[in-house]
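Structural characterization, general
Given next are the chains, with one letter for each unit.
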Amino acid sequence: MNSDIVRHMKHFLLLAAVAFSTASAMAEDVTSWATAVSKQAGTGRAIIFRYAKDFRDGFNESAFPDRVILVWKYKSDSGMPGLNEHGAMDRMEDLLEPMIGESGESVLVLVSTGENLREWIFYAKTGKKFLAALNKALAGQPRFPIEVHTGRDPEWSSYVRFRKGVRE
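Our focus in this paragraph is the pattern of salt bridges. Scanning the model with the defined rule gives seven salt bridges in all. The partner of arginine 67 in a salt bridge is aspartate 153, and the shortest N-O contact between them spans 2.8 Å. Here arginine 67 is found in strand 3 (residues 66–73), whereas its partner aspartate 153 is found in the loop between strand 6 (146–152) and helix 4 (157–165), with 86 residues between them in sequence.

Written out as C-alpha cells, the structure reads:
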C-alpha cells in the first residue's frame, strides 16, 4: 500500500477514535458504540463503520419508523476525506447533536466513511420533524455538501442488514 495512503489512514483512524469517543454520548438511547472496517476487494481500500452496538434497556425501535440518510460525497485518491473535509464533517455532526441526537426525536445508528462517501443513518420518529430540526441546526452555517434521503423503515432493515454482516 502506498505510504501516503497508510499515513492518511493512520491519521484518519486517530480522528475517527476522537470522533467515536464524543459521538458515543450523542444519544442516550445508544449505550455503546463499536467500529468495523471493510476492505474493498477491487481497490483494497477501507470503509470504516461506526455503529450503535447496544441500546438502553426498554429502547423501542418501533418509535423511530423513519430512516434518514445524510450523504456527503467527496473526492480523494485514498478514498478517505482529507483533514479539512473531515473537520467539516465533524463540525456538522457536532451541530446536529443538540437538535437531533439529544432531542429524543431521532437516533444515530450508523456512520460509514470510505470510497469517497460518508453516510450517517438516523432513525426518526418522523422524517418531517427530523428535516425541520436539521434545517434549524444548520441555519446560519456555510452550506454543507450533503444529500438527504428519507423513507419509511419501521423494521430498521438497513441497520439490521448491516449488523448481520458484522463479524464480532
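Another aspect to go through is helix 3 (residues 127–138). The end-to-end C-alpha distance of helix 3 is 16 Å, a good match for the 16 Å that twelve residues give at a rise of 1.5 Å each. Listed in full, the buried residues belonging to helix 3 are Gly127, Phe130, Ala133, Leu134, Ala137 and Leu138. Angularly, the buried residues of helix 3 cover 125° about the axis, an arc narrow enough to put them on a single face. Seen from the buried face of helix 3, the exposed residues on the opposite side, beyond 90 degrees, are Lys128, Lys129, Asn135 and Lys136. One or two residues past the end of helix 3 sits glycine 140, with phi positive at roughly 80°.

How each quantity is defined
- Residues numbered from 1 in each chain as written.
- Predicted model: local features only at pLDDT ≥ 70, side-chain atom pairs only at ≥ 80, totals over all residues.
- Heavy atoms only, no water.
- Salt bridge = Lys/Arg side-chain N within 4 Å of Asp/Glu carboxyl O.
- Helix = DSSP H or I, 4+ residues; strand = E, 2+ residues; numbered from the N terminus.
- Expected span 1.5 Å × (residues − 1).
- Buried < 20%, exposed > 50% of the residue type's maximum accessible area, 1.4 Å probe, protein only.
- Arc of directions from axis to C-beta.

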